Amino acid sequence: MQLKDKTIIITGASSGIGAAAAMLFAQEGANLVLGARRRAELTTLADQITQSSGQAVALAGDVQEEDYNAALVKLAVEQFGSLNGAFNNAGTMGEMGPIPAMNTENWRSVLEVNLTSAFFAAKHQIPAMKTTGGGALVFTSSFVGHTIGFPGMGAYAAAKAGLVGLTQVLAAEHGPEGIRANALLPGGTKTAMAGDDPEFHEFVKGLHALKRMAEPKEIAQAAAFLLSDHASFVTGTAFLADGGNSINKT
Ligand SMILES: NC(=O)c1ccc[n+]([C@@H]2O[C@H](COP(=O)([O-])OP(=O)(O)OC[C@H]3O[C@@H](n4cnc5c(N)ncnc54)[C@H](OP(=O)(O)O)[C@@H]3O)[C@@H](O)[C@H]2O)c1
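Let me sum up the structure you'll find in this document.

Thresholds applied
- Along each chain, numbering runs from 1 in the same order as the chain's sequence is written.
- For a predicted model such as this one, the threshold for reporting local features is a pLDDT of at least 70, and the threshold for listing and counting side-chain atom pairs is 80 or more; totals across whole chains, interfaces and linings nevertheless cover every residue.
- Note: side-chain values were computed over all heavy atoms of the structure, leaving out hydrogens and water.
- A run of DSSP states H or I qualifies as a helix once it reaches four residues; a run of E qualifies as a strand once it reaches two. Both are numbered from the N-terminal end.
- For this measure, only C-alpha atoms enter the radius of gyration; the expected value for a globule follows 2.2 Å times N^0.38, where N is the number of residues.
- Burial here depends on accessible area, computed with a 1.4 Å probe over protein chains only, as a share of the maximum for the residue type. Under 20% is buried, over 50% is exposed, and the range in between is partly exposed.
- We call two residues in contact whenever any of their non-hydrogen atoms come within 4.5 Å of each other.
- Computed with the Shrake-Rupley method and a 1.4 Å probe, the accessible areas treat only the protein chains shown as cover for residues.
- Positive: Lys, Arg. Negative: Asp, Glu. His and the chain ends are not part of the count.
- A single reference atom marks each charge: NZ on Lys, CZ on Arg, CG on Asp, CD on Glu.
- A pair of strands is considered paired only if DSSP assigns at least 2 bridges between the two.
- Handedness of a crossover: with both strands directed away from the viewer, a clockwise path from the first strand across the helix to the second marks it as right-handed.
- In this scheme Phe, Tyr and Trp rings, the latter by its six-membered ring, pair at centre separations within 6.5 Å, and the angle between planes marks the pair as stacked below 30 degrees, edge-to-face above 60, and tilted otherwise.
- Residues are classed as near a molecule or strand on a simple rule: at least one heavy atom within 4 Å of it.
- Between N or O atoms, a polar contact is any pair within 3.5 Å; within protein, one atom must be a potential hydrogen donor and the other a potential acceptor, and residues adjacent in sequence are included only when both atoms are from side chains.
- The definition of a nonpolar core used throughout is a set of buried Ala, Val, Leu, Ile, Met, Phe, Trp, Tyr and Cys residues joined through side-chain atoms within 4.5 Å.

1. Topic: the overall build of the chain
The number of helices and strands found in the chain is 7 helices and 7 strands. Mapped from its N terminus to its C terminus, the chain presents α and β elements in the order β-α-β-α-β-α-β-α-β-α-β-α-α-β. Expected size for 250 residues packed as a compact globule is a radius of gyration near 18 Å; at 17 Å, the chain falls within 12% of this value. With the principal axes as the frame, the chain shows a C-alpha extent of 45 × 35 × 35 Å. Burial status across the chain gives 52% buried among its 250 residues. Pairs at least 24 apart in sequence give 72% of the contacts found in the chain among residues at least 6 apart. A total accessible area of about 11,300 Å² is found for the chain, and carbon and sulfur atoms account for 55% of it. Computed over 17 positive and 22 negative side-chain charges, the separation of the two mean positions in the chain equals 4 Å.

Listed below in structure tokens is the structure:
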């Protein structure tokens with residue numbers, strides 16, 4: 001049980017990687033606070049975890065709101081007594097299209113959901129972790145914006161690359177307080193975000209050395225490692241769980 005008795009916030013828990021993380025972290029002994037906008041999905045997941053002897057509470061909201069990020073932290077402390085970790089994983093691709101054609105509203109909202117949310121999360125999570133003597137932050141970035149310039153994904157790439165910079169600063173700022181911060185960079189993963197177009201999936205598979213896409217659980221396993229004490233000397237990284245996407249030229 002690599003997360004035994006750790007209280008962890010997961011955002012983007014209503015589907016995909018976040019939902020897989022919730023199931024896995026619960027099996028690994030964590031107390032969970034689940035966040036996303038879709039209340040029904042979150043409640044169903046929390047109930048499922050509780051019925052399997054896990055610990056999970058849910059609070060629906062929008063990560064673009066600072067107050068929602070603060071409320072998730074408050075709930076963690078009230079419900080479980082402390083905050084030890086956060087998987088800040090909520091994200092959106094927004095509308096795809098070349099930069100000259102992109103409307104400013106799309107640019108702003110993609111940056112808000114993927115990047116400004118991380119600022120709000122860290123701003124409220126770090127003080128709570130300091131009172132417990134440390135903790136671990138994981139931000140879901142992407143292979144897009146790291147080694148891949150995907151046409152049509154300018155706003156998303158900028159936001160996800162921004163998370164790596166933010167992670168580095170947080171790791172340096174709060175390392176002395178026992179707080180680790182890492183960005184997790186998944187490769188193409190079979191979730192709603194990747195759609196279900198077989199042709200697109202074949203294209204995405206080909207980008208990876210492993211010639212396949214990840215299952216959400218495979219990304220959740222990397223997040224569990226980063227949040228666990230097994231990663232006690234791992235901080236400030238752009239941690240790849242990308243199936244060799246970044247090194248592949250075939
Ligand atoms: N799938 C991939 O190939 C891939 C690759 C690299 C990185 N990623 C990243 O992985 C993370 C998880 O995505 P996924 O692949 O699991 O796709 P997904 O199933 O679409 O999950 C996205 C999650 O983010 C939540 N979310 C979106 N906007 C939100 C908002 N404004 N406030 C609160 N929650 C919000 C969604 O919940 P609600 O709709 O209920 O709010 C959902 O739970 C994202 O950060 C994504 O960018 C994905």
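So much for the structure itself; the text now carries on.
2. Observations concerning the pairing of strand β6 (residues 179-186)
In summary, the side chains of a regular strand alternate between the two faces of the sheet. A large share of β6 lies buried, amounting to 8 of its 8 residues. Residues Ile179, Ala181, Ala183 and Leu185 point to one face of β6 and Arg180, Asn182, Leu184 and Pro186 to the other, with burial holding for every one of them. Relative to β6, strand β5 (residues 135-140) runs parallel, the two sharing 6 bridges. Looking across to β6, one finds that Ala136 is bridged to Arg180. This β-α-β element, β5 to helix α5 (residues 154-174) to β6, shows right-handed connectivity.

3. Overview of the packing of aromatic side chains
A full pass over the atoms with the stated rule returns 6 aromatic pairs. Consider the rings of Phe25 and Phe87, whose centres lie 6.1 Å apart with planes at 45°: the pair is tilted. Placement of Phe25 in helix α1 (residues 16-27) and of Phe87 in strand β4 (residues 85-88) is noted, with a sequence separation of 62 residues between them. Phe87 shares its class with Phe25; the two are buried. Relative to Phe203, the ring of Phe200 has its centre 6.2 Å away and its plane inclined at 35°; by these criteria the two rings are tilted.

4. What about unusual backbone geometry?
Backbone geometry at Asp5 places phi at a positive 65°, although glycine is not the residue there. Looking at the secondary structure, you find Asp5 in the segment before β1 (7-11). Of note in the backbone geometry, Ser53 takes a positive phi value of approximately 70° without being a glycine. Relative to the helices and strands, Ser53 resides in the loop between α2 (39-51) and β3 (55-60).

5. Looking at the site of the ligand
The environment of the ligand is made up of 28 residues, and the closest members are Ser15, Ile17, Arg37, Tyr156 and Thr191. Take Gly12: an N or O atom from its main chain is 3.1 Å from an oxygen atom of the ligand. Burial of the ligand by the protein chains amounts to 94% of its free accessible area of 880 Å². Elements with a minimum of two residues in the shell around the ligand: α1 and α5.

6. Re the nonpolar core
Nonpolar side chains in soluble globular proteins tend to end up buried together. In this structure, Ile9, Val33, Leu83, Leu137, Phe139, Val144 and Leu170 are the most contacted members of the largest nonpolar core, which totals 39 residues. Taken together, the elements giving at least two residues each to this core come down to α3 (66-80), α4 (104-131), β5, α5 and β6. A per-element tally of this core places α4 first, with 9 residues. Dropping the residues within four chain positions of it, Leu83 is found in contact with Thr7, Ile9, Val73, Ala76, Val77, Gln125, Ala128, Met129, Thr132 and Gly134. Counting residues in hydrophobic clusters, the runner-up holds 36 residues, among them Ala21, Ala22, Phe25 and Ala36.

7. With respect to the pairing of β5
Counting buried residues in β5 gives 6 out of 6 residues, a clear majority hidden from the surface. Of the two faces of β5, the one holding Gly135, Leu137 and Phe139 and the one holding Ala136, Val138 and Thr140 are both buried throughout. Relative to β5, β4 runs parallel, the two sharing 4 bridges. Opposite Ala86, over in β5, you have Leu137 as the bridge partner. Between the parallel pair β4 and β5, the chain is carried across by α4, and the sense of this crossover is right-handed.

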